[in-house]
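Chain by chain, the residues run as shown.
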Amino acid sequence: MKFRIHGNCQVGSVADSLRLLYQTEDVQSFLVDTSAQGLLNHFSKVHSTDGFIEIIHDSLLSVINTHPSVAELVPTQFLTIPSITFSAFQPDTQYIFNENGVVKNGLQGDWNSRIAITGYLRGLSPRQTEELFNLGTFQALGYLDDWNESAQFLIESFQKCGLNGTQWLRRMATHGVFMHGINHPSPIAIFDLVEQFASVHLPPADHKIAGAEQYLTDHLSHIVWPVYPEIAATLGLEGTYLWREGSQHADLRTFLESSFQHWDFLNLKNTQTTFIPSLDESHQAIITK
Amino acid sequence: MSLIKQSSRNEQKMSTHPYRGLPSTQFWNTGVSDIAPGQLDPVTAPRFTIDSDDTVATLGSCFAQHLAREIKKAGFHYLETEPEETDTFSANYGNVYTVEQANQLLDKSFSPHPSEIEVWSRDGRFYDSLRPNVFEHGLSSKEEVLAKRSIHHLAVQRVFTESNIIVFTLGLTEAWRSRVTGDVFPLAPGVSAGEFDPEVHEFKNYDVTETTAQLIEWCQRVHDLNNQVKILLTVSPVALNATFEARHVWASTTYSKAVLRLAAQAAYEKFDFVDYFPSYEIITSPHSRGKYFADDLREVLPLGVQHVMRVFSHHYLGDNSNGLSSQVHSYQSPKEDRQGISDVFCDESLIQQ
């Protein structure tokens, strides 16, 4: 059995899971720039090869389906696997873009804090912003009620790939915090997905893997976004305010101070920026109440 | 022709089966399996709420101490009749594990004639056998024990006449009692003080008939003392530390909790001033996946208590919760979490010391 996986940062763990399930080395994974140009470049270099089962992350489909030039290059037969996004543990995650691409946080990671960036743009100091990290703010922002919405989104994305997200989510709930960040699942979360994917779409694997965690490498734990204690408690978990980016760790104050400093350096207040998700007025009003 | 009619009737029956249209909480998948972690809420129709002008009192097993602390923290009027001696319960009765103990509390406190009790001793200090651990180092004489008891009776009288909400956490069915006086002890003689004498002391495990009758009697008596009272019954999720029955401690735990749960249900069904709050269910539910228990798999972690209080606040404290909303109200660091366990005093824990 030979596989090629094209997709986002989760491809490494998908590949590992397939290697483990099918006990094969013939697995290639490709981390792809998901812009149209990025996909053009990728698929023009990586030609379909006989005998490989091609698997593509669902996150690539919107570009493939809207760019015929890309679609032409994509392997004629491929399977789609969902890319896992689940924000209930880290609902404060905010992407910021400017003309140069992703605006980093103070630890040079891609995820930012929605509360932090709002505080910054409203002229609050890091200390003043730190005070906003409390139950009242999280409640007002709906951070404590994110599970059901996240679950619904995930179940639908599984469904589009012919998979059962409810079953997956029930299994994951036994693992506590199964996301390092909103789109960085733990290895077992990806293995469980791949196992289900294989059982639905692929020939049966010869081996039943017990204790899969022991055999999987965590490709995504170099970045950890904390589950804030107040949010964790509502999910029956213990939380923390400790960020990780590679070998760096930061508590809330350090994270805010370094982020504000970095944004000052980028002159972010005077720069055209795009926010995903959008920072709507109501959120800003609540944060700066 | 008749077959067709029959089939049509069957179809009709199938489309209107008795479970169709029931609330989602009545189904396992929607009530448990697919509920977010930490969000299980088994309360469906509370009979009353607690308002800011209510006076709340608590008694019961170790777990009741958590509830008392949280009710106070939420800013409600929590009745403390012996504040110089205890902030754990509304009076310094210590842990009231069995329903029979609760009845005994009323007997002793409201009787015009003081009854004989065993006074236990250890290392030259003296202990009230009905509450042997409320004074850490005991008292100096038997007379002092009895004098303190007289004062305590007045405090207990205040609990049952001044409070209008009483939360009773049912803990155990196993007890030790005196063959002579019939008194029920919270702890076996000899464990923390006194001496065990098989001629004088006997083991008793109250069965469901006895426990139910005792609880109904207790509720009625409390209501007779104050007809405005509302009683909230709950079953402690803390397992037995030890059983004297010749069987596994876990089997004894499930027996004991089942008996208490049935008794609580019977009281709920008999009296409209009694409600049942599912603390036991929240902590021990498969939904919590055992995460609410400490490493000994017995003590309840603050995270679990927070979940219980979240549900309690949501349904019983309403808008007068002084900031204790349907969600957790404070962050506790792991260190404080561990502290939360050690802050609760359990007589039972002495058995293994």
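Everything quoted here is computed from the prediction, not taken from an experiment.

Caption draft 1: The arrangement of the overall build of chain A in detail. When its secondary structure is counted, chain A shows 13 helices and 13 strands. For chain A, restricting intrachain contacts to residue pairs at least 6 apart in sequence, the fraction spanning at least 24 positions comes to 67%.

Caption draft 2: A look at the overall build of chain B. Scanning chain B from N- to C-terminus turns up ten helices and ten strands. Across the 353 residues of chain B, 44% fall into the buried class. Long-range contacts, defined here as pairs at least 24 residues apart, represent 69% of the contacts in chain B between residues at least 6 apart.

Caption draft 3: Molecular detail of the pairing of strand S5 (residues 93–98) of chain A. All names here are of chain A. Of the pairings in the sheet, the one linking S5 to strand S7 (residues 112–113) comprises two bridges and is antiparallel in character. Looking at S7, one finds that Thr93 is bridged to Ser113. Here three bridges tie S5 to strand S13 (residues 274–276), and the two strands are oriented antiparallel to one another. Bridge assignment links Ile96 to a residue of S13, and that residue is Phe275. In the sheet, S5 pairs with strand S6 (residues 101–102) via two bridges, with the strands oriented antiparallel.

Caption draft 4: Region of interest: the sheet that holds strand S1 (residues 55–60) of chain B. Residue and element names in this part refer to chain B. Spatial strand order, S2-S1-S5-S9-S10: five strands in an open sheet with parallel pairing. The strands lining the two open edges of the sheet, one partner per strand, are strand S2 (77–78) and strand S10 (274–276). The pairing of strand S5 (residues 165–170) with strand S9 (residues 230–235) spans six bridges and is classified as parallel. The residue of S9 that forms the bridge with Leu170 is Val235.

Caption draft 5: Molecular detail of the domain arrangement of chain A. Assigned domains of chain A: these are domain 1 (2–81 + 187–215) and domain 2 (93–145 + 223–287). Distance from the C-alpha centre of domain 1 of chain A to the C-alpha centre of domain 2 of chain A: 32 Å.

Caption draft 6: Examining the interface of chain B and chain A more closely. Listed as interface residues are 16 residues of chain B and, on the opposing side, 17 residues of chain A. Among the elements that take part in the side of chain B that touches chain A, helix H9 (residues 302–317) of chain B stands out by supplying three residues, more than any other. Per-class residue counts for the side of chain B that touches chain A are six nonpolar, seven polar and three charged.

Caption draft 7: Just the confidence of the model for chain A, in detail. Residues of chain A with pLDDT of at least 70 account for 99%, and the chain-wide mean is 93. Confidence scores differ between elements of chain A, with helix H13 (residues 281–287) of chain A showing the lowest mean pLDDT of 72 and helix H12 (residues 252–265) of chain A the highest of 98.

Caption draft 8: Structural view of the packing of helix H4 (residues 99–110) of chain B against helix H5 (residues 142–162) of chain B. Residues and elements named next belong to chain B. For the pair H4 and H5, the least separation of the axes is 8 Å and the interaxial angle reads 115°. When you trace H4 past H5, the crossing you get is left-handed. The segment H4 lies against H5, with Leu105, Lys108, Ser109 and Phe110 engaging His153, Val156 and Gln157.

Caption draft 9: Structural detail: the sheet that holds strand S10 (residues 223–224) of chain A. All names here are of chain A. Strand order across the open sheet formed by three strands is S10-S11-S12, with antiparallel pairing between neighbours. The open sheet has two edge strands with one neighbour each: S10 and strand S12 (248–251). Running at roughly 105° to S12, H12 makes contact with strand S11 (242–245) and S12 of the sheet.

Caption draft 10: Region of the structure containing the nonpolar core. The biggest cluster of nonpolar side chains holds 147 residues, and the ones touching the most others in it are Val56, Leu233 and Ala264 of chain B. At eight residues, H9 of chain B tops the list of elements feeding residues into this core. Counting contributing residues, this core receives three or more from each of domain 1 (2–81 + 187–215) and domain 2 (93–145 + 223–287) of chain A.

Caption draft 11: Up close: unusual backbone geometry. Cis rather than trans, the peptide bond between Ile276 of chain A and Pro277 of chain A has omega equal to -5°. With respect to the helices and strands, Pro277 of chain A occurs in the loop between S13 and H13. With a phi close to 55°, Asn267 of chain A is a non-glycine residue in the positive phi region. Note on placement: Asn267 of chain A falls in the loop between H12 and S13. Not every positive phi belongs to a glycine, and Asp123 of chain B is a case in point at roughly 50°. With respect to the helices and strands, Asp123 of chain B occurs in the loop between strand S3 (119–122) and strand S4 (125–128).

Caption draft 12: Quick look at the environment of Gln65 of chain B. Residue and element names in this part refer to chain B. Looking at where Gln65 falls in the secondary structure, it is placed in helix H3 (residues 62–73). Judged by the 22 C-beta atoms lying within 10 Å of it, Gln65 is buried. Linking Gln65 and Asn95, residues 30 residues apart in sequence, is a C-alpha distance of 8.8 Å.

Caption draft 13: Summary view of the environment of Asn112 of chain A. Residues and elements named next belong to chain A. Among the structural elements, Asn112 can be located in strand S7. Separated by 15 residues in sequence, Asn112 and Phe97 have C-alpha atoms that sit 11 Å apart. Apart from residues lying up to four places away in sequence, Asn112 is in contact with Gln94, Ile96, Val103, Asn105, Ile117 and Ser259.

Caption draft 14: Structural detail: helix H6 (residues 208–225) of chain B. Residue and element names in this part refer to chain B. Here H6 spans 26 Å end to end across 18 residues, near enough to the 26 Å set by a 1.5 Å rise per residue. Listed as buried for H6 are Thr211, Thr212, Gln214, Leu215, Trp218, Cys219 and Val222. Projected onto a plane normal to the axis of H6, the buried residues spread over an arc of 165° and lie on a single side. Structural note: H6 exposes Thr209 and Asp224 on the side pointing more than 90 degrees away from its buried face. Of the surrounding secondary structure, the elements contacted by the buried residues of H6 are H4, H5, S5, S9, helix H7 (249–270) and S10.

Caption draft 15: Layout of the pairing of S1 of chain B. Residue and element names in this part refer to chain B. Counting buried residues along S1, five of its six residues qualify, which places the element largely inside the surrounding structure. Where S1 meets S2, two bridges bridge the pair, whose relative direction is parallel. Across the sheet, the residue bridging to Thr55 is His77, located in S2. The sheet contact formed by S1 and S5 spans five bridges and is parallel. Note that in S5 the partner of Gly60 across the bridge is Thr169.

Calculation notes
- Residue positions are given per chain, counted from 1 along the sequence in the order it is written.
- Each chain is given a letter, starting from A, and each ligand a number, starting from 1, according to the order in which they appear as written.
- Under the rules for a predicted model, residues below a pLDDT of 70 receive no local features and side-chain atom pairs below 80 are neither given nor counted, while totals for whole chains, interfaces and linings still include all residues.
- A helix here means a DSSP run of H or I that spans at least four residues, while a strand means a run of E at least two residues long, and both kinds are numbered starting from the N terminus.
- Contacts are defined on C-beta atoms placed from the backbone: any two residues whose C-beta positions lie within 7 Å are in contact.
- Residue burial here comes from a neighbour count, namely the number of other C-beta atoms, placed from the backbone, that lie within 10 Å of the residue's own C-beta, with 20 or more meaning buried, 12 or fewer meaning exposed, and in between meaning partly exposed.
- Two strands pair under a simple rule: DSSP has to find at least two bridges between them.
- Segmentation of the chain into domains, including their bounds, is taken from an automatic or database domain assignment.
- For this classification, the nonpolar set comprises Ala, Val, Leu, Ile, Met, Phe, Trp, Tyr, Cys and Pro, the charged set comprises Asp, Glu, Lys and Arg, and every other residue, Gly included, is treated as polar.
- Residue-level confidence of the predictor, termed pLDDT, takes values from 0 up to 100.
- Fitted lines through C-alpha atoms serve as axes, helices being fitted only where they are in contact, and the angles separating the N-to-C directions of these axes extend from 0 to 180 degrees.
- Two helices crossing with the near one rotated counterclockwise from the far one by less than a right angle form a left-handed crossing, whereas a clockwise rotation gives a right-handed crossing.
- Joined through C-beta atoms within 7 Å, a set of buried Ala, Val, Leu, Ile, Met, Phe, Trp, Tyr and Cys residues constitutes a nonpolar core.
- Expected span of a helix: the number of residues minus one, times 1.5 Å.
- Here the arc refers to the directions that run from the helix axis out to each C-beta atom.

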